[in-house]
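# Working through the structure, step by step
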Amino acid sequence: MAKIDIGPPDYKENLPPVIRENYGQWKYHEKVKPGLLKHVANSGDELYTIRVGSPRLVSVDFIRDICALADEYCDGYLRFTSRNNIEFLTGDASKVEPLIEACKAKGLPVGGTGNSLSNIVHTQGWIHCHTPATDASGIVKAVMDDLYEYFGRDDLPAKLRVAMACCLNMCGAVHCSDIAILGVHRTVPTIKHEILQKGAEIPSLVASCPTGAIRPDPKNKSVALKDEKCMYCGNCFTMSPAMDIMDPKNDGVAIMIGGKVSNARTAPSFSRLVIPYLPNNPPRWPEVTEAVRNIVEVWLKNARSGERVGEWVERIGWERFFTLADIPFSDKCIDDYIFSRETFRTSAAFKY
Amino acid sequence: MAKIDIGPPDYKENLPPVIRENYGQWKYHEKVKPGLLKHVANSGDELYTIRVGSPRLVSVDFIRDICALADEYCDGYLRFTSRNNIEFLTGDASKVEPLIEACKAKGLPVGGTGNSLSNIVHTQGWIHCHTPATDASGIVKAVMDDLYEYFGRDDLPAKLRVAMACCLNMCGAVHCSDIAILGVHRTVPTIKHEILQKGAEIPSLVASCPTGAIRPDPKNKSVALKDEKCMYCGNCFTMSPAMDIMDPKNDGVAIMIGGKVSNARTAPSFSRLVIPYLPNNPPRWPEVTEAVRNIVEVWLKNARSGERVGEWVERIGWERFFTLADIPFSDKCIDDYIFSRETFRTSAAFKY
Amino acid sequence: MAEDKKTPQLDELEKGPWPSFVTEIKRAAVKSPAANELLGLMERSYEDNKGHWKHGGIVGVRGYGGGVIGRYTDLPEEYPNLKEFHTMRINQPSGWFYSTKSLREICDIWEKHGSGLTNMHGSTGDIILLGTTTDELQPTFDEFSDAGYDLGGSGSDLRSPSCCVGPGRCEFACYDTLDMCYDITNEFQDELHRPMWPYKFKIKMSGCANDCVAAIARADCSVIGTWRDTLIINNDEVKAYAESGMNIQRLVCDKCPTRALEFDAINNELTVIPEDCSRCMHCINMMPKAIQPGKEKGASILLGGKSTIVKSAFMSWVIVPFMKMEPPYTEFKDLMYRIWDWWDENGKTRERLGELIYRVGMGTFLREVGLPPVPQMVFRPRANPYVFWQEEEINK
Amino acid sequence: MAEDKKTPQLDELEKGPWPSFVTEIKRAAVKSPAANELLGLMERSYEDNKGHWKHGGIVGVRGYGGGVIGRYTDLPEEYPNLKEFHTMRINQPSGWFYSTKSLREICDIWEKHGSGLTNMHGSTGDIILLGTTTDELQPTFDEFSDAGYDLGGSGSDLRSPSCCVGPGRCEFACYDTLDMCYDITNEFQDELHRPMWPYKFKIKMSGCANDCVAAIARADCSVIGTWRDTLIINNDEVKAYAESGMNIQRLVCDKCPTRALEFDAINNELTVIPEDCSRCMHCINMMPKAIQPGKEKGASILLGGKSTIVKSAFMSWVIVPFMKMEPPYTEFKDLMYRIWDWWDENGKTRERLGELIYRVGMGTFLREVGLPPVPQMVFRPRANPYVFWQEEEINK
Ligand code: SRM
Ligand code: SRM
Ligand code: SRM
Ligand code: SRM
Ligand code: SF4
Ligand code: SF4
Ligand code: SF4
Ligand code: SF4
Ligand code: SF4
Ligand code: SF4
Ligand code: SF4
Ligand code: SF4
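If you're wondering where the values come from, they're calculated on a predicted model, not measured in any experiment.

### So, the overall build of chain A
- Counting its secondary structure elements, chain A contains 11 helices and 16 strands.
- Counting all 352 residues of chain A, 68% fall into the buried class.
- For chain A, the proportion of contacts with a sequence separation of at least 24, taken over those separated by at least 6, is 63%.
- Surface summary for chain A: the accessible area is close to 11100 Å², and the carbon and sulfur share equals 50%.
- Distance between charge centres in chain A, computed from 42 positive and 43 negative side chains, equals 4 Å.

### A few points about the interface of chain D and chain B
- The interface of chain D with chain B comprises 50 residues on the first partner and 49 residues on the second.
- Note on chain D versus chain B: buried area summed over both sides is about 4900 Å², and carbon and sulfur give 62% of it.
- For the pair chain D and chain B, the number of links is 6 salt bridges.
- Note that Lys351 of chain B and Asp276 of chain D form a salt bridge whose closest N and O atoms lie 3.8 Å from each other.
- Linking chain D with chain B are 24 residue pairs in polar contact (both at pLDDT 80 or more), by the criterion used here.
- The set of elements that each furnish at least two residues to the side of chain D that touches chain B consists of strand 8 (221-227), strand 13 (297-303), strand 14 (317-323) and helix 14 (362-369) of chain D.
- For the side of chain D that touches chain B, the class distribution of residues is 31 nonpolar, 10 polar and 9 charged.

### A look at the coordination of the iron atom of ligand 1
- Among protein residues, the single donor to the iron atom of ligand 1 is Cys212 of chain D (SG), with a metal-donor distance of 2.3 Å.
- Along the chain, Cys212 of chain D turns up in the loop between strand 7 (203-206) and helix 8 (215-218).

### Focus: the pairing of strand 16 (residues 317-323) of chain C
All names here are of chain C.
- Counting buried positions over the 7 residues of strand 16 gives 7, a clear majority of the element.
- Sheet topology places strand 15 (residues 297-303) next to strand 16; 4 bridges connect them, and they run antiparallel. Paired with Leu302 across the strands is Val318, a residue of strand 16.

### Brief notes about helix 12 (residues 330-346) of chain D
- End to end, helix 12 of chain D covers 24 Å across 17 residues, agreeing with the expected 24 Å (1.5 Å per residue, within 8%).
- Residues Phe332, Lys333, Leu335, Met336, Ile339, Trp340, Trp342 and Trp343 of chain D constitute the buried set of helix 12 of chain D.

### Some thoughts on the interface of chain C and chain B
- The partner chain B presents 113 residues to the 112 residues of chain C that form the contact.
- On the chain C side of the interface with chain B, the three residues burying the most area are Trp18, His55 and Arg169 of chain C, jointly 10% of the side's total.
- At the surface where chain C touches chain B, the tally comes to 9 salt bridges.
- Arg169 of chain C is the partner of Glu87 of chain B in a salt bridge, and the nearest nitrogen-oxygen pair spans 2.5 Å.
- At the boundary of chain C and chain B, one finds 60 residue pairs in polar contact (both at pLDDT 80 or more).

### Quick notes on the sheet that holds strand 16 (residues 272-279) of chain B
All names here are of chain B.
- Strand order in the open sheet made by the 4 strands is 9-10-15-16, with mixed pairing throughout. Whereas interior strands pair on both sides, the edge strands pair on one side only; in this sheet they are strand 9 (162-165) and strand 16. Direction aside, the axes of adjacent strands within the sheet are offset by 20° on average.
- Inspection of the sheet shows strand 10 (residues 179-184) paired to strand 15 (residues 252-257) by 6 bridges, in the antiparallel sense. Of the residues in strand 15, the one forming a bridge with Ala180 is Met256.
- Contacts from helix 11 (residues 318-325) reach strand 15 and strand 16, with the element oriented near 35° to strand 16.

### What about the side chain of Asn49 of chain C?
- With respect to the helices, strands and loops of the structure, Asn49 of chain C is situated in the loop between helix 3 (33-48) and strand 1 (53-54).
- A distance of 3.2 Å separates the side chain of Asn49 of chain C from the backbone oxygen of Asn280 of chain B, its partner in a polar contact.
- The residues contacting Asn49 of chain C, other than those within four sequence positions of it, are Trp126, Pro248, Asn280 and Pro282 of chain B.

### Points about the site of ligand 6
- Taken together, 13 residues form the shell around ligand 6, and within it Cys209, Cys230, Cys233, Gly234 and Cys236 of chain A come nearest.
- Among the residues forming the shell around ligand 6, the class breakdown is 11 nonpolar, 2 polar and no charged.

### Considerations on the UniProt feature "domain: Nitrite/sulphite reductase 4Fe-4S" (unreviewed entry) in chain C
- Under the local residue numbering, the UniProt record ascribes the feature "domain: Nitrite/sulphite reductase 4Fe-4S" (unreviewed entry) to residues 154-370 of chain C.
- Spanning residues 154-370 of chain C, this segment combines 33% helix with 18% strand, and its end C-alpha atoms are found 29 Å apart.

### A closer look at the packing of aromatic side chains
- Per the counting criterion, the structure on display carries 62 aromatic pairs over all chains.
- Summarising the aromatic geometry, the rings of Phe144 of chain D and Tyr149 of chain D are spaced 6.2 Å apart at their centres and angled 90° between planes, so their arrangement reads as edge-to-face. Per residue, the accessibility class of Phe144 of chain D equals that of Tyr149 of chain D, and both read buried.
- Here the aromatic cluster, defined as three or more aromatic residues joined through ring pairs, consists of Phe188, Trp197, Phe201, Tyr337, Trp340 and Trp343 of chain C.
- Across the ring face of Trp389 of chain D, the terminal group of Lys332 of chain B is positioned such that the distance to the ring centre comes to 5.1 Å.
- Stacked on the ring of Tyr199 of chain D, the Lys or Arg Arg352 of chain D has its end atom at 5.7 Å from the ring centre.

### Re the sheet that holds strand 2 (residues 36-41) of chain A
- Strands sit in the order 1(A)-2(A)-3(A)-6(A)-5(A)-3(D) across an open sheet of 6 strands; the sheet is antiparallel. Edge positions in the sheet fall to strand 1 (26-33) of chain A together with strand 3 (97-99) of chain D, since each has one partner strand and no second. For this sheet, the mean angle separating the axes of adjacent strands, direction not counted, is 25°.
- Of the pairings in the sheet, the one linking strand 1 of chain A to strand 2 of chain A comprises 6 bridges and is antiparallel in character.

### Let's talk about the coordination of the iron atom of ligand 4
- What the protein offers the iron atom of ligand 4 as a donor is a single atom, Cys171 of chain B (SG), at 2.3 Å.
- Turning to its location among the elements, Cys171 of chain B is positioned in the loop between strand 9 and strand 10.

### Side note on the packing of helix 9 (residues 286-302) of chain B against helix 11 of chain B
All names here are of chain B.
- At a minimum axis distance of 10 Å, the contact between helix 9 and helix 11 shows a crossing angle of 110°. Judged on the interaxial angle alone, helix 11 and helix 9 are roughly perpendicular. Seen from above, helix 9 lies across helix 11 with right-handed handedness. Here Asn294, Ile295, Val298 and Asn302 of helix 9 lie close against helix 11, whose contacting residues are Phe321, Leu324 and Ala325.
- Grouping the amino acids of the contact of helix 9 with helix 11 by side-chain chemistry returns 5 nonpolar, 2 polar and no charged.

### A short note on the domain arrangement of chain C
- Looking at chain C, the domain boundaries give domain 1 (2-146), domain 2 (162-228 + 298-393) and domain 3 (232-292).
- A C-alpha centroid distance of 49 Å is found between domain 1 of chain C and domain 3 of chain C.

### As for unusual backbone geometry
- Of note, the amide linkage connecting Met120 of chain C to His121 of chain C takes the cis form, showing an omega dihedral of 10°.
- Relative to the assigned elements, His121 of chain C resides in the loop between strand 6 (117-120) and strand 7 (127-132).
- Of note in this structure, Asp326 of chain B is not a glycine but carries a positive phi near 55°.
- Within the secondary structure layout, Asp326 of chain B lies in the segment after helix 11.
- Positioned with a positive phi, Trp96 of chain C is a non-glycine residue whose angle comes to about 55°.
- Mapping Trp96 of chain C onto the fold places it in the loop between strand 4 (86-90) and strand 5 (97-99).

Scoring rules and cut-offs
- Residues numbered from 1 in each chain as written.
- Chains lettered and ligands numbered in written order.
- Predicted model: local features only at pLDDT ≥ 70, side-chain atom pairs only at ≥ 80, totals over all residues.
- Heavy atoms only, no water.
- Helix = DSSP H or I, 4+ residues; strand = E, 2+ residues; numbered from the N terminus.
- Buried < 20%, exposed > 50% of the residue type's maximum accessible area, 1.4 Å probe, protein only.
- Contact = heavy atoms within 4.5 Å.
- Areas by Shrake-Rupley, 256 points an atom, 1.4 Å probe, with all protein chains shown as cover.
- Lys, Arg positive; Asp, Glu negative; His and termini not counted.
- Charge placed at Lys NZ, Arg CZ, Asp CG, Glu CD.
- Buried area = accessible area lost by both parts, 1.4 Å probe.
- Salt bridge = Lys/Arg side-chain N within 4 Å of Asp/Glu carboxyl O.
- Polar contact = N/O pair within 3.5 Å; in protein donor to acceptor, adjacent residues only side chain to side chain.
- Nonpolar A, V, L, I, M, F, W, Y, C, P; charged D, E, K, R; others polar.
- Donors = N, O, S within 2.8 Å, 3.2 Å for Na, K, Ca; no water.
- Pairing = 2+ DSSP bridges.
- Expected span 1.5 Å × (residues − 1).
- Axes fitted to C-alpha atoms, helices over the stretch in contact; angles between N-to-C directions.
- Near = heavy atom within 4 Å.
- UniProt positions renumbered as here; feature names shortened; annotations may be inferred.
- Phe/Tyr/Trp six-rings, centres within 6.5 Å; stacked < 30°, edge-to-face > 60°.
- Lys NZ or Arg CZ within 6 Å of the ring centre and 35° of its normal.
- Parallel < 35°, antiparallel > 145°, perpendicular 65-115°, else oblique.
- Left-handed = near helix turned anticlockwise from the far one by under 90°.
- Domains from an automatic or database assignment.

Take a look at the structure:
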């Protein structure tokens, strides 16, 4: 039998030589140009990082392709980033431009560093999950095609971090992104009583509903729904297939903006709902790409240098944002969940 | 039978002549000196306001005294302010100084305008209420004696608004004050079953508890308490005398700071708990007066011009405040109620 | 009888520069046995660290459901004159303006029928008459009514509305707070005098965002003056301030929350970026001679303010960003009736309006009361995607 | 069989400059019938606006309670090769560093046993092997184990910890994220592989407050590098930045959240007010050659991060402002064990740690886990007076 609990491979064996030699001895870095970083060690050694976009959902042949590049230019090492980009690492300055050319030749976009748009963190969607309200890879491809130039430019006001999750479980952790694309359901689950009667755990199903919309229905050995209490989070469906929440006519996408994670300047912050619903229109989700582009362009036009999307909006005020971005405000944008009160404008000072 | 529903007297009949003539026609004002405002009308008329402190709890003879002053200097009119000060109003500049002298001669403090300490908004305490955890008038007198000079000085960094409420009902609306002095209970109510058995409304009593500490006890036709869930708010006692919450050994005073109401510069904000408990030590509550003075002095020493207490603390950070004011921080200061999460430091940036 | 008891602790509170409430009780005690016993009872509280008043009973005057707070001591044997010691709430005139004639009338009636002790004023704004017996309530009321005074609120009713001095003295007032307070108090006499709601309801009116009656913190409905257009700058006066040595950049511009002010230090000229100004009043406060509110004046309506019991303290939040505020205040009154009806129908016992809206959600409230959602209602949109969709918004 | 179906909608997604996942599926489809059918199933989803996967079943490999996500299509007749299409989560190496040799091994094993499709990487950090049958799970695992790879987490267990590139490349790293991630993952093998808690638990490690693995948003326990003393300024380098034309006042000082930096534009010298700096990283980011973290390095521990289900999204909050972070990380591990024990004892099913602490209160949590309360844990103290007193704090 194979060994278990051996843990992940030792990262030390996966480090390129220049890193092994200068581990923890980095002195400073420069953002040379879009997609290219230069780190200088105390020893004087230089490390060049070429960052390259990836669709994340890749075939083993894709991995072999990038391995070939790493073998040729990077001593046989590479890494991936926390946003699913590929990073080629080399200590040899002369390899840099040829590598960049080779990437481009293979259709691999070079960029994503500095004040650019990086890759979209995303999830499974219709590729592999059972709860999605939309696809993930398709929307990501459509949006990245549309915003492609910003991956290769680093003259935006600040970093631009877009994330996508295909349901409210938010595996893409969109809740703190500059722009979040989120699959949402909009109708109550259809209860498949026959499944529940077969013995699903009714008490835990009832407990799973954040708003108390599910009540036990002992007569039918099933549950009943208070429709008006349901806000379609899908948590009950995660618990039980009996709570079928898919609705092709009404599922779609919401847009949230203004989140951030870093502590630089301002505290990390949540993304906030500005567009409650856009329809699913595969393969290119034009309403979604357009909405995202609009927000990006309004930001580009109005933000000051150094302002992330949320920092910009907080400076000008959300009420101004809706005007500038020409996005209709609706009751959907107003919180009515646990911490709602903290979002109410308890102040007589506001803009129009 | 006397007429009912006649409503309050017509304010117009209570306005001094200079106001009647320049009603709504004020052009600008000057804060001449502590306790003295000058308003100038479009007509060129001048209105002098002399603000005078009051204990609020006054005898009819006190009112007659100030009426005598108003008759002599102010054409027989006066007003009270929203903080229970007295305002003498006159259009005649020559009356101002004599009036101020007359007030001082009567022991009426002149001040409270501009960047000064104004009167302490407060409540009934042991004078008249059935739920107090402390007295109100006594503490107010002790604190105002102690901080007396700041009522007559207007060179503080900003206005200083102190409020006092003798129980969590907060009739003094202390929740948005620069400094709030609040009577607090610290032990669970003693249930007087015999009262409940006589027919108090048990369901509404159970419903009154914000933390669900009260459960019906049908066997005894009474209620039972989950002690560890009770945070001594006294709401059940307000509902029913059966929930006796007075505890002379443990009742006392909490201090909250940093609230404000005006929208000028920063949004209105809540006061926040910095000292969870000080003992009741009548007649002069030395622990309370000292704690308040300490906070005032730290603020005076460290705030920039124009900074209310809360604005100053928010600038330097609450963690610095506790150090500067030399107040011990405890778990009591950490929120654990409904909106607690919004107060947790979801950021890796902080001071020591 | 407690008349001869010593009150060393209270006496201590006659010392010190701030006027003493103890002295006031003593003054009243000269004429009122109840006030005299109050000294003893208070001293007793100072010894015991404990109040000596029982849970109130229901007392009142004919035709009213509120306005009187019943009060009884738990030591009636020792303090027989405090056996009954109720307070009456008398509705104050707008802005707490009085003629001495009127004030003296109050004093005379109260000296005759009660302890002679008052609060000028109670926290809600009423004239508080501190302490009388059940029998005296009706005669006291009758005399007040004859003198032109009426009861204030108590219990689950509208409480006496109150307002800042406004146009009576203040150049910042964006609407006539005194008149509106008077007008609506008269309109809402039934609501004020006959408790019929889930809980109390308070209305306070401030003429501008300085909010000198703390409306945002202390009233379920806070009416706060504002303007819809742009503030007005008089640059001659700006120059005068500058020449007098004021650091306009630092004290005014740098503290503008939206950085909407630009100061040209060479020409001593101040300009505002109209769309950036949030009308916070700061610059106007700093330079009242040079800056004024705009011309299109009115008020913002905010809802939900209250103190900490039960679901935490709430401050009122914006519900109508701008409303013209002129007699007969029809739009405002209609809105109030709609809101009260909704609250009455949906609120639980002792649930303040703000708590109810929090419980059922702003969306529900806005739809059911018929108010359009606008971004001014929130500091920022929701951080969760827990949206409720309405029947008609869904594809069938 | 769906092999010949046309996929016009997916084909459309092969156009455009961004690399296409459709192209990748097609590449895999050449060798894998399952991948081929996936094209058809996806096209079907694009037609239907609906996923075609059923609720997962429990599948796995011997000795493990997690690491595999069972998946079955709801159209098994049409897509028989997708009848079973489970994913395996393979624990990534620290910082996602690979030798090509190692990566090729992964490719070879996966091509042999599965669809040949992967996510590099999953959102938690694992290597995601997308789609294989129940029968292939054990053989796949066995070969991975031989190649030195182990399973990641799934279910109610510890999820694969992840970390930023840290000292591997970044001069900002305040502790060795790569080593710590490797060390604790090995320590917590049991917790990672055998679900036994109320719900999932994630740990992420960032070397500094830039938080390049989004630990604060995405991990129940966020370990974020920091320093305890004062940042270090090299004024020669400051001069160089100034001379290169950088507007230090505007870009650096004015954006310092605590205004802790003073720039002397005459001498081109920058100074910091040590007690005011909150270590946000901004100035260091802007001038990496001139400013460095202090010398006394370690990490802050924050707890509670998670996304929106159920009680809203939470970000982690400070629980230990500063901890030395050096092998063998004993203090950290002890703390984790204490926290997990407490969570295990008190948490409801599917209650994340943050939600539990919110429910029972920070005070209770701190007392029961034995952590001292410090003001760094909160942005600001409570706005209500609802304090719980402990038995021993009360006068008897
Ligand atoms: C490679 C990567 C870490 C890893 O282990 O994989 C990384 C690497 C670097 N980050 Fe990062 N960050 C990486 C994800 C992040 C994330 C996480 C995320 O996006 O999900 C954040 C938080 C984003 C947020 O706030 O929402 C992040 C916030 C930063 C910041 C602060 C940004 C800001 O708000 O101002 C800096 C500072 C800077 O860029 O000067 C930074 C700086 C850096 C530096 C300069 C550090 C260094 O010296 O190596 C690296 C190059 C930055 C660049 O791209 O310009 N890194 N960085 C990640 C690359 C992701 C990608 O492919 O795009
Ligand atoms: C594969 C992955 C998405 C991806 O495409 O990368 C994923 C996929 C699933 N997640 Fe996730 N989650 C993945 C990272 C996340 C993250 C992001 C993170 O870890 O940084 C989150 C948000 C952060 C968090 O933990 O809160 C996340 C929050 C959830 C939740 C909601 C948990 C919550 O407390 O709010 C669920 C629901 C659940 O656990 O029942 C969930 C459940 C699921 C399930 C198992 C579906 C389910 O309901 O049982 C998905 C299986 C899809 C499939 O068939 O393959 N997934 N999930 C990620 C794991 C890959 C990996 O191991 O590297
Ligand atoms: C008389 C009174 C209104 C009334 O109808 O009774 C009043 C009168 C004035 N207030 Fe006020 N305010 C009065 C209570 C308030 C309150 C309410 C309170 O304290 O409970 C506030 C909100 C306090 C808070 O934020 O917690 C208040 C916040 C202001 C402000 C903004 C203060 C700030 O935060 O900067 C100003 C602007 C200024 O002073 O320049 C202001 C300005 C003024 C002006 C200048 C308006 C004017 O032209 O008449 C008046 C003289 C102010 C002074 O004292 O320097 N008034 N003012 C109240 C006097 C109370 C007292 O006896 O001390
Ligand atoms: C007299 C007064 C205090 C004072 O010394 O000025 C007062 C006194 C009482 N208040 Fe009050 N409240 C008074 C203004 C307030 C205020 C301030 C305000 O109106 O601006 C508040 C906070 C604002 C608010 O409404 O939230 C206030 C919040 C309460 C509460 C808590 C209500 C809540 O929803 O949180 C209670 C409890 C209750 O109603 O059952 C309460 C209850 C009481 C009772 C009736 C005691 C009780 O539990 O039944 C007190 C009677 C005392 C007595 O024997 O005379 N009183 N009460 C104030 C009324 C005078 C007046 O009419 O002018
Ligand atoms: S976000 Fe939802 S639909 Fe998407 S992978 Fe995660 S659980 Fe599945
Ligand atoms: S979708 Fe969410 S809100 Fe609706 S019933 Fe299910 S768990 Fe409850
Ligand atoms: S604060 Fe409490 S004790 Fe004081 S008057 Fe109000 S209800 Fe009574
Ligand atoms: S004092 Fe408050 S928390 Fe305690 S039982 Fe009474 S209502 Fe509940
Ligand atoms: S609220 Fe405004 S209008 Fe009213 S008195 Fe205060 S400053 Fe004047
Ligand atoms: S009113 Fe306030 S927001 Fe408007 S310009 Fe003046 S200071 Fe700025
Ligand atoms: S979190 Fe800090 S240490 Fe880690 S890679 Fe990002 S900048 Fe470097
Ligand atoms: S690290 Fe942040 S808080 Fe500290 S000096 Fe630099 S910018 Fe200011």
